[in-house]
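# Secondary and tertiary structure notes
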Amino acid sequence: MPQKSAMTDKQASITRTPRPEWGKARRIVVKIGSALLVERATGRLRATWLNSLIDDVAALTESGREVILVSSGAIALGRHQLGFPKGALELEQSQAAAAVGQIGLAQAYQELCRARGLIAAQVLLTLGDTEERRRYLNARRTIDTLLAAKAIPVVNENDTVATTEIRYGDNDRLSARVASMVSADTLVLLSDIDGLYTAPPHLDPGARHIPLVQEITAEIEGMAGDPGSELSKGGMRTKVEAAKIALAAGTHMVITTGKVLHPLQAIADGATCTWFLAASDPVTAKKRWIAGHLEPSGVLHIDAGAEKALASGKSLLPAGVKRIEGVFERGDAVIIRAADGRELGRGLVAYARSDADRIIGKKSSEITAILGFAGRDELIHRDDMALSRK
Ligand code: GLU
């Protein structure tokens, strides 16, 4: 149902040629803020705008792109229904509001997706799901499975159970963590402003728009404002923090205005926005992280057949592993060694030591019978492996 809006749902200002990265993006995470989704005065969803956004999502999926939405709005929707006062809420009030609002939010996405022949899937995460490697592998696998089945994951923080110490608190950083977890090539932050400026444009008439950032320098951080100030909460500061996470993971990030109808189509049409360009792609960035930044917890000694398989780009199957050293959990980093002891590479192992001990030397088809649960076929998937240079 169309509704009156305090914000203008106008067309985007088309000022540039679109960046080629947008055309090449295959896996895209889109963060949608509460202010875009929920009418402040009435606490109702901005249905016309959301309809236009889901039109864009449908068009992207139609053209073969995978889209993951990170949607805020649970608290903003729920607080109205519960009649909570305006202004800052206590933590437990926010949590109660999220419990109510998340239902409406999920329902809206479900209806709008269904009307376009798409399936919406609700994914509620807490900090540990992206920060602890074992849970990270689980969450990533679930999202991968949803995407493979052509569903649209709609992610939010599980605000109802997340307490202060274990909260992201803002969906800018949550969306960057999700983008890095699923190796997305592009993260879009739909904002109330069309990008990063040298100074807050509403305060400084001389503020210049920055179309492209290739490195997050101290100067760029300075433009984002003071982390401690109330004004910058969930503002440019957390967006630049999100950019750091994204760029380290090889994900490009774009800040663009969500105050227009069809905000994703607008990016393709060349709307004004700020692109943060990553120097490498997500696969290279992840392999570099595995190769250099993790303390290995164990060693897998493999046979000549498995060594050959790895060299030809295959995953490491339990059948090719002869011996294991060390104590590790699922998701920990381990070293892979050849029969003569050479280090072949490193990777994130898909089974804990106790389970790995029972399946090495065995066929992957036997895993379920041996362990009593269905795990992955690979001990280390090739995407989770960085081979040493020859
Ligand atoms: N997770 C919160 C919500 O759904 C929003 C956090 C944010 O706006 O960044 O209401």
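Here is a short report on the structure shown in this document. (Residues numbered from 1 in each chain as written. Predicted model: local features only at pLDDT ≥ 70, side-chain atom pairs only at ≥ 80, totals over all residues. Heavy atoms only, no water.)

Check the secondary structure of the chain and you find 15 helices and 15 strands. What you see for the chain is a C-alpha radius of gyration of 23 Å, in line with the 21 Å of a compact globule of 390 residues. In terms of overall dimensions, the chain has a C-alpha envelope of 70 × 45 × 40 Å along the principal axes. Residue burial in the chain is summarised as follows: out of 390 residues, 51% are buried. When contacts within the chain are restricted to residue pairs at least 6 apart in sequence, long-range pairs at least 24 apart make up 72% of them. Within the structure as shown, the chain displays about 18400 Å² of accessible surface, and the carbon and sulfur contribution to it stands at 52%. Once the 50 positive and 46 negative side-chain charges of the chain are each reduced to a mean point, those two points are 3 Å apart. (Helix = DSSP H or I, 4+ residues; strand = E, 2+ residues; numbered from the N terminus. Rg over C-alpha atoms; globule rule 2.2 N^0.38 Å. Buried < 20%, exposed > 50% of the residue type's maximum accessible area, 1.4 Å probe, protein only. Contact = heavy atoms within 4.5 Å. Areas by Shrake-Rupley, 256 points an atom, 1.4 Å probe, with all protein chains shown as cover. Lys, Arg positive; Asp, Glu negative; His and termini not counted. Charge placed at Lys NZ, Arg CZ, Asp CG, Glu CD.)

We now examine the site of the ligand. Taken together, Ser34, Ser72, Gly73, Ala74, Ile75, Asn156, Asp159, Gly169, Asp170 and Asn171 make up the full set of residues near the ligand. Within the backbone of Ile75, an N or O atom sits 2.9 Å from an oxygen atom of the ligand. The contact in question runs from an oxygen atom of the ligand to an N or O atom on the backbone of Asn171, over 2.6 Å. Expressed as a share of its isolated accessible area of 300 Å², the protein-covered part of the ligand is 84%. Among the residues forming the shell around the ligand, the class breakdown is two nonpolar, six polar and two charged. (Near = heavy atom within 4 Å. Polar contact = N/O pair within 3.5 Å; in protein donor to acceptor, adjacent residues only side chain to side chain. Nonpolar A, V, L, I, M, F, W, Y, C, P; charged D, E, K, R; others polar.)

On to the pattern of salt bridges, then. Scanning the entire structure with this criterion turns up 19 salt bridges. Measuring nitrogen to oxygen at the nearest pair gives 3.1 Å for the salt bridge that ties Glu241 to Arg237. Taken as a pair, Glu241 and Arg237 lie in helix 10 (residues 236-248) at a separation of four residues, close to a single helical turn. For Arg237, a relative accessible area of 13% gives the class buried. With a closest N to O distance of 3.1 Å, Arg353 and Asp357 form a salt bridge. Of the two residues, Arg353 and Asp357 are both situated in helix 14 (residues 353-359); the distance of four residues between them amounts to about one turn of the helix. Judged by relative accessible area, Arg353 falls into the partly exposed class, the value being 23%. Here the residues in one salt-bridge network are Glu221, Arg237, Glu241 and Lys244, joined through shared partners. (Salt bridge = Lys/Arg side-chain N within 4 Å of Asp/Glu carboxyl O.)

Across the sheet, which stays open at both edges, the five strands sit in the order 12-11-13-14-15 with mixed pairing between neighbours. Taken across any chain shown, the strands that pair with only one partner, and hence form the sheet edges, are strand 12 (321-326) and strand 15 (385-387). Across the sheet, the mean angle separating the axes of adjacent strands is 20 degrees when strand polarity is ignored. Examined bridge by bridge, strand 11 (residues 298-302) and strand 12 share five bridges and lie antiparallel to one another. Directly across from His301, in strand 12, lies its bridge partner Arg323. The strands that helix 13 (residues 304-311) touches are strand 11, strand 13 (333-337), strand 14 (343-348) and strand 15; relative to strand 11, the one it contacts most, it runs at about 105 degrees. (Pairing = 2+ DSSP bridges. Axes fitted to C-alpha atoms, helices over the stretch in contact; angles between N-to-C directions.)

Here we come to the pairing of strand 1 (residues 27-32). Counting buried positions along strand 1 gives six out of six residues, so the element sits mostly inside the fold. Where burial is concerned, the two faces of strand 1 agree: the one with Arg27, Val29 and Lys31 and the one with Ile28, Val30 and Ile32 are both buried. The pairing of strand 1 with strand 2 (residues 66-71) spans six bridges and is classified as parallel. Among the inter-strand pairings, Lys31 is bridged to a residue of strand 2, identified as Val70. As paired strands, strand 1 and strand 5 (residues 186-191) are joined by five bridges and run parallel to one another. Looking at the pairing, Ile28 lines up with Thr186 of strand 5.

With that out of the way, let us pick up the packing of helix 8 (residues 171-181) against helix 10. At their nearest, the axes of helix 8 and helix 10 sit 8 Å apart, and the two run at 10 degrees to each other. Taken together, the axes of helix 8 and helix 10 are roughly parallel relative to one another. Listed contacts from helix 10 to Asp172, Arg173, Ala176 and Arg177 of helix 8 are Thr238, Lys239, Glu241, Ala242, Ile245 and Ala246. Residue composition of the contact of helix 8 with helix 10, by class: four nonpolar, one polar and five charged. (Parallel < 35°, antiparallel > 145°, perpendicular 65-115°, else oblique.)

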